[in-house]
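# Fold and geometry: a report
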Amino acid sequence: MGKAIFSGRFTTENEEDLVVFIIGMRINKRRAVHKWLPVMKSMPPMIRELYTNQEELGFLSMESFFGLRTTVMIQYWRSTEDLLAYAKGSNHLKAWKNFNKKVGDNSAVGIYHETYVVKQGNYESVYGNMPQYGLAKAMPHLPINPKRRSAQKRLTPQVK
C-alpha cells in the first residue's frame, strides 16, 4: 500500500533555520562496476543509521532519486553543526576512506555534495494532493489557510 495522500493544498512552517544537503554520485564509466558499485553500496548503512538515530543526529528527513547515471539525495538537517558532526562519525568516515582507497582520482565514478543553510522565513513550500514529501516530512505539515495562500504570505513569518 502507498503513502497516505493529503487531499488539498498543504505547506510547512518556516520558523526554524534548517540545512539542505544534496549528495550523490555519477557513474562516468558504466563498465567499471567494481568502482561505482561499492560507492553505491556504502549509502544504505548510513541511511539506516540516520533514520535510526534521527533526533540524536539532527537528521530530519530525505528524498532519493535514481537516474541512469546519476543519483541524488536531498537531505534536511537541523543545523550545520549536526551535519558536520555526522560527517566526522565512524560510518561516514569509513565510507569516505574506502572511497578514497578504491576510487580516489579514478574517473569511473564521481561524487558530489552541496550544502545550503536556510534561515527561518527564507523558505516556503506548497503540496497539492501529495503524501508528505520533502520538506513536509522534515517540518510541521500544515493545511494552507488564507494566511498562507500565496508564496509571499508563506514567506512572511506567522504571528502567533
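Look up: the structure comes first, before these words.
Below: a short report on this structure. (Residues numbered from 1 in each chain as written. Predicted model: local features only at pLDDT ≥ 70, side-chain atom pairs only at ≥ 80, totals over all residues. Heavy atoms only, no water.)

## Describing the pairing of strand S4 (residues 70–77)
Moving residue by residue along a regular strand, the side chains alternate between the two faces of the sheet. The criterion, for reference: One requirement defines pairing of two strands: DSSP has to find at least two bridges between them. Put simply, DSSP marks the helices as runs of H or I at least four residues long and the strands as runs of E at least two long, and each gets a number from the N terminus on.
Pairing analysis gives 8 bridges linking strand S2 (residues 18–27) to S4, with the strands arranged antiparallel. Along S4, the bridge assignment pairs Ile23 with Met73. Relative to S4, strand S3 (residues 59–66) runs antiparallel, the two being bridged by 7 bridges. Each bridged residue has a counterpart across the sheet, and for Phe66 the counterpart in S4 is Thr71. Linking S3 back to S4 in an antiparallel pair, the connection comprises 3 residues.

## Observations regarding the pattern of salt bridges
Test applied: A side-chain nitrogen of Lys or Arg and a carboxyl oxygen of Asp or Glu constitute a salt bridge if their distance falls within 4 Å. Three labels apply to residues, based on accessible area from a 1.4 Å probe with only protein chains included: buried if under 20% of the type maximum, exposed if over 50%, partly exposed otherwise in between.
Within the structure shown, the criterion is met by 5 salt bridges. A salt bridge links Glu55 to Arg78, with the shortest nitrogen-to-oxygen separation between them at 3.4 Å. With Glu55 in helix H3 (residues 54–57) and Arg78 in the loop between S4 and helix H4 (80–87), the pair connects residues that are 23 residues apart, well separated along the chain. We classify Glu55 as exposed; its relative accessible area is 64%.

## Details of the nonpolar core
Short version of the rule: Definition of nonpolar core: a set of buried residues of the types Ala, Val, Leu, Ile, Met, Phe, Trp, Tyr and Cys, connected through side-chain atoms within 4.5 Å. Residue contacts follow a heavy-atom distance rule, with two residues in contact if any of their heavy atoms lie within 4.5 Å.
Leu50, Trp77 and Tyr86 are the most contacted members of the largest nonpolar core, which totals 14 residues. Residues contacting Leu50, with those up to four places away along its chain left out, are Leu57, Phe59, Gln75, Trp77 and Tyr86.

## A look at the packing of aromatic side chains
How two aromatic rings sit relative to each other is given by the distance of their centres and the angle of their planes. Formally: Aromatic pairing here means that ring centres of Phe, Tyr or Trp (its six-membered ring) are within 6.5 Å. Orientation follows from the plane angle: under 30 degrees is stacked, over 60 is edge-to-face, and everything else is tilted.
Inspection of every chain in the model, using the stated rule, returns 4 aromatic pairs. Summarising the aromatic geometry, the rings of Tyr51 and Phe59 are spaced 5.1 Å apart at their centres and angled 90 degrees between planes, so their arrangement reads as edge-to-face. Residue Tyr51 is classed as partly exposed on the basis of its relative accessible area, which comes to 35%. With 5.9 Å between their ring centres and 40 degrees between their planes, Trp77 and Tyr86 make a pair best called tilted. Among the residues examined, Tyr86 registers a relative accessible area of 9% and is labelled buried. Aromatic ring contacts, followed pair by pair, group Tyr51, Phe59, Trp77 and Tyr86 into a single cluster.

## A look at the packing of helix H2 (residues 43–52) against helix H5 (residues 90–102)
The condition that has to hold: Each axis is a line fitted through C-alpha atoms, taken for helices only over the stretch in contact, and angles between the N-to-C directions span 0 to 180 degrees. Small angles under 35 degrees read as roughly parallel and large ones over 145 as roughly antiparallel, with 65 to 115 read as roughly perpendicular and the rest as oblique. Helix crossings are classified by the rotation of the near helix relative to the far one: an anticlockwise turn of less than a right angle makes the crossing left-handed, while a clockwise turn makes it right-handed.
Two elements in contact, H2 and H5, have axes separated by 10 Å at closest approach and are oriented at 165 degrees. With respect to their mutual orientation, H2 and H5 come out roughly antiparallel. The handedness of the crossing between H2 and H5 is left-handed. Residue-level contacts link Pro45, Met46 and Glu49 of H2 to Asn91, His92 and Ala95 of H5.

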